[in-house]
Each structure stands twice: as C-alpha cells, then as structure tokens.
Amino acid sequence: MTNEINKKMTVQSGFKTIGCQLCTAFATFFASTAIGMAILAIGRKIFLETFGPTAIQQISELEKITFIQTSLLFDAKFSSTIFLPVLISGILLFIPRLKKYYPKTTCIFSYAGIMLVLGLTVVQHYYYDTYKQAINTFIFSLFKEDPGAVLFTIIKDYPVLPALFLIILFLLVYYPVFKYVTAFFNWVFNGIFRKFDKTGIVLFLILQVFLTVFILRGSLTTFPLRQDNLNVSRNTIINIATGNGPAHFYWAYKWHKKEGQKPFVSARDLVMSYLNNGMETTTDNLTAPLTVKIPENEFLDKNKPDVVVAIMESMSTHMLLLDNPRIGVDVYGSFRQHAESDFLFLNFLSEGNGTSDTLMRLFTGAPDMNLSTSSNYDKKFFLNTVRPFREHGYHVIFITSGRSSWRNIGNFLTAQGVDEIIDENGIRELFPEATSGTWGIDDEYLFKTAYRTLTRKHDKPLLIFMLTITNHPPYRVPDNVTPQTIPLPKEILQRFPYDNTETIFATFRYANNSLGNFISEVKNNPRMAEKTFIAATGDHNLRGIGYSNRVDEVILGHSVPFYIYMPKAYQKATGVSYDYHRFGSHKDVMSTLAKHALSGGKMLTTGCDMLSDTDICNYPFSYNDEVGIYKKNSSYMIRNSNSEEYIACFIRNPEISYKNVLLNTPRITGLQADPSKFSNTEELCNDIESYDQLVHDIYHYNITLKDREISR
C-alpha cells in the first residue's frame, strides 16, 4: 500500500516537474517577446513623431482603433517569431546534463533577437527618411553596389556613431532588463501554476500553446496576419507605421527572392528581336517598332470622354458559355442586356493567367507577375498604357475592392502614372454599410464608388480602372443574394473542383449583375451616357476548371470576354467597325480605347484596334503567356470566318503535349479545337514564338536602364 502511494506521489511529482519546466520555457519566451514588442512600439512612436506628427489627428476614431490593434498584432507576430529560438531552447530543461546551459542559451538567443529587432527598427526609420518608403526590395540592390562607397555614404549621411553608441549602451543595460522581466514572468506563471490541480495545469499549458500559436499567426481567421493587413487608413504614414522594421524587411526579402535571375538584354539584342518580328530599327530608335500614330479627330478634341475599365475577377468566357436561361442557368444577370446591345468579344484571351500577372501586363506590358513587389516597380516602361491618356490631360484613378498594399500595387500604380487610388478603406468611408468577404469589399460597392467618382465635379477627363474581388475563392455571395439552383449535367459539374458549385455560379452572376447595374446607371444618366466609355474584361479564367482531359477546350482555358460600351456619337466620329467573332487579347484593350477616345499624338503599343477593319497592326496576335493565335498571311487584326485559317500555338502550356492546332471553324467555337487537327509542326509557330520573345526582351531591356525615365 505504501509503495503504491509512493509510486503515485512520484508520478504526480514528475508531472508537476514537467509542467513547471514547460511554464519556465513559455515564461522566458513571452518575456523576450514582450521586450521586443516594447521596442517596436517605441520605434513606431518615434517614427510617427518624426515623419507624421499630425497623422494620428488626421484619421478617424475607427481607423485609430484599427491602427492600434493591427500594430500590436504585427509587433506580437514578428517579435515572437524572432524570439522563437528562446522557446525552443526549453528542450534543454528536459535533458539533465544540458539543463545547466539553459539560462545562458536563452540569454544569448534573447540578445541576438533584441539586436535584430533594434537594428531593423533603426534601419526602417532611416530608410524611410531617405526613400520616403518602407523597407522594400530596393534595399537588396545596395548590396550590388561598391561596398566601400555604400559604407562611406552611410557614415556621411547618417548619425552612425551616435546610433552605435546608443545601441551599445542599450545592450549593456539589456541584461539586467532581460533578467528582471524574465524573473517577473516566471514568478507570475509559476504562481498561477502552483494554484492548479492536474486538470488545471493541463488547461493552463494548453492556453500557453494556444497563445503562442495565436501571436505567431497574428490572427484567428482563415489567413494569418500578412502584408495585405497593413492598410488600415488612407493615410500612407499610418499604414507604413502599422508594420514594423522586422516585418517590412521580411516582406522585402520574400519578394526579393521571388524576383529571381533575369536575363540581360542589350539594345542590340532588342534590335534583333524586332527584326525577328519583321520590324527594322536601330539602337538609337528602339521605340520606333512600337510607335503608333493616333489620328487627329476634331470631335474628340472638343469632346474628351471619361473612360472606365473594369477588370473583373475570374470573368470567364467558359462560364459565360454555360449560360442557358431556357433551363434556368442565368450567369449574365443584368449584364445580359448590355452584352447583347453593345460590343462584346468572346474570342478573346487574357494575357496573364493570374490577377497580378494580368495587371502588370495591362499597365506596362511586363511579363512579370512580381514586378510590383520588385525593385523595378517604379521604372518607366515602353508599353505603359496610362502614359498616352495622361499626355492628353486625363486624371487617372484606380479603384480596388481590396487593399492598395496588396503586392505593393498602390506604390506600383502611382509610379506608373496613376493619380489617385481608392481602396477598400476609401470605399468604406463612402459606404460604411458595405459588405465584404475574405479578400475585400463586395463588387456592388466598388461600382457605386466608381459611379460616385464619375459624378463628382472634374475639370479633367477621367480614366478609371477598377479591380473587382467578390468572384474569388472562397466563394460567397452577400446575405441578400440567394444562390440559384444550377440544372447542369453531372459531367460539367464534376469539372469544378469545389463542393459548393451553386455558390460559384451565384457569385459569378452576382459580379456580372453588379457590372450590369453600374452600366445601366451610367446609361440612365443622360450626361454620362453621352460622354462615357465603359470597358470590362476578366483578369483570367475561373480557377480550377480542368482541361487536361479536354484537349478541345485547352484554349478556352485562357479565355475572358472583352466588353465595350461607346456612345453613338463617338462610334460615328471614329468609324467603328464591329465583328463579334473577332479574335483579340488584353494587349488590345487600351489600344482600342485610345484610338477612339484620344485625338492626335502617339502611343507605344503592340496592341491592335478591335473596332477597326482598316487599322494595320504590327503584331496581329491574340496572345496569352501560354498560347498565341494568329491568322495566316495577314497583317490585319484577326477576324474569324469560314474561309480563313488560324493557328493556335502552345508556348509554355503544361496541359498540352502538342505544339499547335489548326483553327478553321467559325464563330465562338474559334476557341474550341478539333482534336484531329493538333500537330507538332514547329515552323508553324515561329511568328508567335518570336513575338513572345519580343515581349520578354522589351521588358528585360527596360529594367536594365539605369534612368527610370524612359524617353520616346
């Protein structure tokens, strides 16, 4: 009996010892994390007092609360991440012969962590002082410069010696601070620990694990705290201050690693690339093969239209083709009436295959989805599509349902010439009742914001870009929308890799309905209806539809619609010619709008005018990063008829083992292929491959230029 009692007491004692050791490890970890958070908070206060002394007073109470909450979460996340080795060192407590090294090991890791926190906080402060931006990928380009010159510049321009003195002084006093704070946390944790029985101890340890996971994630929602959460206000200083030095450095490093190695393209290389596309020029005139004259037009000189371009999340031609109101499948919603009465192209390809990829290409022609987060984001590119509109006096606005900090899109677009950016914070200011999903504000409020922007007084004509977000996984519709029943065959439903197929279709219809309502609102306003262009296209096909077993639809997998509303007076003044069956791609969007909205001047483009049958185009290709389509022996924009032959070439498409396929079928089936007409005849794709190479060469040449201002 006595032996059993002793045995039980030994087990309980062992359990309490393990629990006590775990408490010690967590207490030491939380102590270091708390010190790190304190330094980050002090650094933020100094940052704001130096660069934005009135910034806090300029934001609303709601923004202040969000700023404080998000800042604390960022500090907890990155401080805990840096001091995670302190927690891992707790393993030593369970190894008898190594237990004695635990205090010294945790002290070393804590010292290393605090040096990192302090150092990056100082770097962030002076980096902003120099570049007026948070730490970004450009910081890594400094390592490519002459080390001696960089060091000399730093010593000359910054208070290096006083800063080093203060850092050394802090490190000298850090040990007693670390010791005191750690002792305090241990006293608190072990004091709580001693009051619990076995069940209480287990729950207390679980709570510590939960708290650790929470602060490492910074969030209890679907996504961990990340760079997208920076934008808590329309005040840039506040948004930058929401993060901290370690956070900004980590994001910069992450995007820097994604940039990868890019080939060097010289001026001579670019001349040869033009030549491979049938265009002759010299190294002194590298933009000549891209230069297109915009015709003088007296009507346009006197009537500059406002132009709206809606970039619709996952607006897929494939999904539109499943529309069949006769059996209850309505995917157009209120957009249907406009699709039927205005210009709509369905033989149309997205140039990129992701949102960021498409945005980079639409704005700059750059085949680099990470451009906005790279050190090249603020260079001026040959194929900048905003430039010709700005040269004609346009005020350019970008409205997004998400955050302008997403992939640094706000800074990127500003550098490319966008004058004003309205993101989810701005939308919510206008519409506090706006509903939202995982990725941002619901589409109806984005379009309401665009309409309000159009109606406000403006002396300059407007070019407004919009980026919608609702039609993005995880799919959902606002509470006031009822998902429709979809009577589709089982073999079609099985191609969607989601369980909630009804919600997918309802979300798609909701997005189209929001677009349609916006167009109706513009058309119902007499002044706006007569002087506003509206264009809409998808950023890419709907994600997840498999094409590996449907070789006939592999091109359709890159297809998005292109819609244009143009007032009748502008159609007449610019000589519109519309062919519903015409082929095209994203490179033609802004070229088409410019030709019918602007008068005189020049633009640099590889795009074609989709509303002209006389406009000779130097690069008559329907082009996607993975597939390109061209018409045999033609320098005109692609058209579709029974008597013409088109070749679709697969450039880098992982879902197809063929080189090309002959397309000689009419109408919308121009994007669907006959399986018997696939081949591996390489010479048929020389033109498309040469154009694809040119697109990459133009971009890679642009980024080699040291001057960030590209002259024409």
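Residues numbered from 1 in each chain as written. Predicted model: local features only at pLDDT ≥ 70, side-chain atom pairs only at ≥ 80, totals over all residues. Heavy atoms only, no water.

(A) Examining the pattern of salt bridges more closely. Scanning the entire structure with this criterion turns up 17 salt bridges. Between Asp330 and Arg336 there is a salt bridge, and its shortest N-O distance comes to 2.7 Å. When sorted by exposure, Asp330 lands in the same class as Arg336, which is buried. For Asp330, the salt bridge identified is with Arg509, shortest N-O distance 3.1 Å. (Salt bridge = Lys/Arg side-chain N within 4 Å of Asp/Glu carboxyl O. Buried < 20%, exposed > 50% of the residue type's maximum accessible area, 1.4 Å probe, protein only.)

(B) Spatial organisation of a nonpolar patch on the surface. On the surface, Leu161, Leu164, Phe165, Leu166, Ile168, Leu169, Leu172 and Val173 cluster together into a nonpolar patch covering about 840 Å² of accessible area. Relative to the elements of secondary structure, Ile168 occurs in helix H7 (residues 160-194). (Patch = residues over 30% accessible without salt bridge, like charges linked within 9 Å, V, L, I, M, F, W, Y side chains within 5 Å. Areas by Shrake-Rupley, 256 points an atom, 1.4 Å probe, with all protein chains shown as cover. Helix = DSSP H or I, 4+ residues; strand = E, 2+ residues; numbered from the N terminus.)

(C) Representation of the sheet that holds strand E16 (residues 678-679) within the structure. Strand order across the open sheet formed by five strands is E12-E13-E14-E15-E16, with antiparallel pairing between neighbours. If you trace the sheet from one side to the other, it starts and ends with strand E12 (621-623) and E16, each paired once. (Pairing = 2+ DSSP bridges.)

(D) Here's a closer look at the pairing of strand E14 (residues 646-650). A large share of E14 lies buried, amounting to five of its five residues. Neither face of E14 is left uncovered, since the one carrying Tyr646, Ala648 and Phe650 and the one carrying Ile647 and Cys649 both have all their residues buried. Two elements, strand E13 (residues 627-631) and E14, share five bridges in a ladder whose sense is antiparallel. Looking at the pairing, Lys631 lines up with Tyr646 of E14. Relative to strand E15 (residues 660-663), E14 is paired through four bridges, and the arrangement is antiparallel. The partner of Tyr646 across the bridge, within E15, is Leu663.

(E) View of the packing of helix H2 (residues 61-82) against helix H8 (residues 198-217). Running from N to C, H2 and H8 cross one another at 110°; their axes reach a closest spacing of 7 Å. Looking at the two axes, H2 sits roughly perpendicular to H8. Contact residues: H2 offers Leu73, Ala76, Lys77, Ser80 and Thr81, while H8 offers Phe214, Ile215, Leu216 and Arg217. Each residue belonging to the contact of H2 with H8 can be placed in one class, and the counts come to five nonpolar, two polar and two charged. (Axes fitted to C-alpha atoms, helices over the stretch in contact; angles between N-to-C directions. Parallel < 35°, antiparallel > 145°, perpendicular 65-115°, else oblique. Contact = heavy atoms within 4.5 Å. Nonpolar A, V, L, I, M, F, W, Y, C, P; charged D, E, K, R; others polar.)

(F) Examining the nonpolar core more closely. If you look at the biggest cluster of nonpolar residues, it comprises 50 residues, and the most contacted ones within it are Ile399, Met466, Leu515 and Phe518. Sorting elements by how many residues they give to this core places helix H21 (residues 501-523) first, with eight residues. If we skip the residues at most four places from it in the chain, Leu515 touches Ala310, Met312, Met315, Phe335, Phe447 and Ala536. One finds Tyr377, Phe562, Tyr570 and Met610 within the second-largest nonpolar core, a separate group that totals 48 residues. (Core = buried A, V, L, I, M, F, W, Y, C linked by side-chain atoms within 4.5 Å.)

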